[in-house]
Each structure stands twice: as C-alpha cells, then as structure tokens.
Amino acid sequence: MEDRDKKTELLVGLFLTVGLLMMGVLVLQFGSVKDYFKRSYNLRVSFPDAAGIKDGSPVVLGGARIGKVLNTPKLNSTFTGVIIDLEVSEGVQIPKDAVFQIKTAGLMGDSLIDIKPTGDITNDFLVPDPNVLIEGKTSGMGDLQKTADDIGKKADVVLDDARGALKEIKESMAK
C-alpha cells in the first residue's frame, strides 16, 4: 500500500471519528439524556384537578424551567383530587409562601406547573421532603370556565329579581 493511500485512509478515519463524536455531543445536548446527569430533589403537590398534566410536563418558577413532572398524576386516598410528584433541579430554592398552580401555555394548550412566589423577600424556603404534601391550586381554562359558570348563575338570579320587580311595577301601574 502506498503512503498516499494510508494517509487518505487515516484522514477519512479521523474525519469519521470527529463526526461521530460531534453527533454524540448533539444527542446529549438536545436530548433528554442530559437530565440523567443532573442532581435533583422531589416534591409532592396535591391538586383538586390536574387536567393536561402528564409525565415530563415542565415545572416553572418565575418563567424559568426548574424541573419536570416525574410521572402521571395519581388519585389521592379520598378520590377528590390528585397527587403529582415533581423533580426539581438541585440548588433551586422555592419560597415557602409560593403558590403551585396548573396553567396552560401556548396555543396548543400544553399544561405546566407554575410556581408563583408572593414577591416578598424571604429566607424561608421549602425543605425538600417527598413525604410532605404541598397544597396546589388549579387555574387556566378550567378555572376560567368555572368563573364564567358562577357569573352566569349570578346573572340568572339578577335577571329573575328584575323580572319580579317588573311584574310588581306592571301590577302597580294597572291599579
């Protein structure tokens, strides 16, 4: 074999090796494989309703993604709500007064868990304990629909009162 052929084969082998290494780095960078190497802690949150939440849904604090939902929501012991296990990146401190809410993001209605602190400066943070159950609130389209139903019921009551008053006015005018 000539020196020139050996040199070409060596360059081709080197090129393929560099290419495969770059592909591996891209898979680790853009895939969820990098999450396996991050340290995290778990929290448990109870919600009355968890519509749209599934395994891998994002957990957001102040607009930044800080974790994900570990598995699909599980019914609580009284069947009146669900319990969701969260995986939060290590080093992220969540204020004790923060409110956990289920919200929808985007036009497609993807659900996420949004953690809203009150905005007060505090040194009191949640202790990462998977046995402690945190109370969460539901918001989003479900809450909007419930609010609209409540307003509709109140409007019906007002309308009934107005009809009764008009009827009494008609009777008074007739006399």
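Below is a summary of the structure that appears in this document. (Residues numbered from 1 in each chain as written. Predicted model: local features only at pLDDT ≥ 70, side-chain atom pairs only at ≥ 80, totals over all residues. Heavy atoms only, no water.)

Describing the overall build of the protein chain
Then comes step 1: When its secondary structure is counted, the protein chain shows 2 helices and 8 strands.
Then comes step 2: Within the protein chain, buried positions represent 21% of all 175 residues.
Then comes step 3: Considering only contacts in the protein chain between residues 6 or more positions apart, those separated by 24 or more positions represent 60%.
Then comes step 4: Here the protein chain has roughly 13200 Å² of accessible surface; of this, 60% comes from carbon and sulfur atoms. (Helix = DSSP H or I, 4+ residues; strand = E, 2+ residues; numbered from the N terminus. Buried < 20%, exposed > 50% of the residue type's maximum accessible area, 1.4 Å probe, protein only. Contact = heavy atoms within 4.5 Å. Areas by Shrake-Rupley, 256 points an atom, 1.4 Å probe, with all protein chains shown as cover.)

Focus: a negative patch on the surface
Then comes step 1: On the surface, a cluster of negative charge is made up of Glu2, Asp3, Asp5 and Glu9.
Then comes step 2: Note on placement: glutamate 2 falls in the segment before helix 1 (3-30). (Patch = residues over 30% accessible without salt bridge, like charges linked within 9 Å, V, L, I, M, F, W, Y side chains within 5 Å. Salt bridge = Lys/Arg side-chain N within 4 Å of Asp/Glu carboxyl O. Lys, Arg positive; Asp, Glu negative; His and termini not counted. Charge placed at Lys NZ, Arg CZ, Asp CG, Glu CD.)

As for the pattern of salt bridges
If the charged atoms of two oppositely charged side chains come close together, the side chains can form a pair.
Then comes step 1: Summed over all chains, the structure comprises 7 salt bridges.
Then comes step 2: Close ionic contact of glutamate 87 with lysine 68 constitutes a salt bridge, the shortest N to O distance being 4.0 Å. Of this pair, glutamate 87 sits in strand 5 (residues 82-89) while lysine 68 sits in strand 3 (residues 64-69); the two residues are 19 residues apart in sequence, bridging distant segments of the chain.
Then comes step 3: Take glutamate 87: its relative accessible area is 21%, and that puts it in the partly exposed class.
Then comes step 4: By relative accessible area, lysine 68 is classed as partly exposed at 25%.
Then comes step 5: Between arginine 163 and aspartate 160 there is a salt bridge, with its nearest N and O atoms 3.4 Å apart. Of this pair, arginine 163 and aspartate 160 are both found in helix 2 (residues 141-174), 3 residues apart, which corresponds to roughly one turn of the helix.

A look at a nonpolar patch on the surface
Then comes step 1: Taken together, the side chains of Leu11, Leu14, Val18 and Met22 make up a nonpolar region of the molecular surface, amounting to roughly 410 Å² of accessible area.
Then comes step 2: Its location among the elements puts valine 18 in helix 1.
Then comes step 3: Judged by relative accessible area, valine 18 falls into the partly exposed class, the value being 41%.

A look at the nonpolar core
Considering soluble globular proteins, one finds that nonpolar side chains tend to be buried as a cluster.
Then comes step 1: By size, the foremost hydrophobic cluster in this structure holds 21 residues, and its most contacted members are Ile84, Leu86, Ile94, Phe100 and Ile113.
Then comes step 2: Breaking this core down by element, the ones donating at least two residues are strand 1 (40-47), strand 2 (58-61), strand 3, strand 5, strand 6 (99-105) and strand 7 (110-116).
Then comes step 3: Leaving out residues up to four positions away in the same chain, isoleucine 84 has contacts with Leu43, Arg44, Val45, Phe47, Ala50, Ile53, Val69, Pro73, Ile102 and Ile113. (Core = buried A, V, L, I, M, F, W, Y, C linked by side-chain atoms within 4.5 Å.)

With respect to helix 1
Then comes step 1: The terminal C-alpha atoms of helix 1 lie 41 Å apart, and with 28 residues this matches the ideal 40 Å at 1.5 Å per residue to within 8%.
Then comes step 2: Counted residue by residue, helix 1 has 0 buried out of 28 residues, so it is predominantly exposed. (Expected span 1.5 Å × (residues − 1).)

Describing the pairing of strand 7
Then comes step 1: The buried fraction of strand 7 is high, at 5 of 7 residues.
Then comes step 2: Pairing between strand 6 and strand 7: 7 bridges, direction antiparallel. Among the inter-strand pairings, threonine 104 is bridged to a residue of strand 7, identified as serine 111.
Then comes step 3: Between the end of strand 6 and the start of strand 7, which pair antiparallel, lie 4 residues, with glycine 106 showing a positive phi angle near 80 degrees. (Pairing = 2+ DSSP bridges.)

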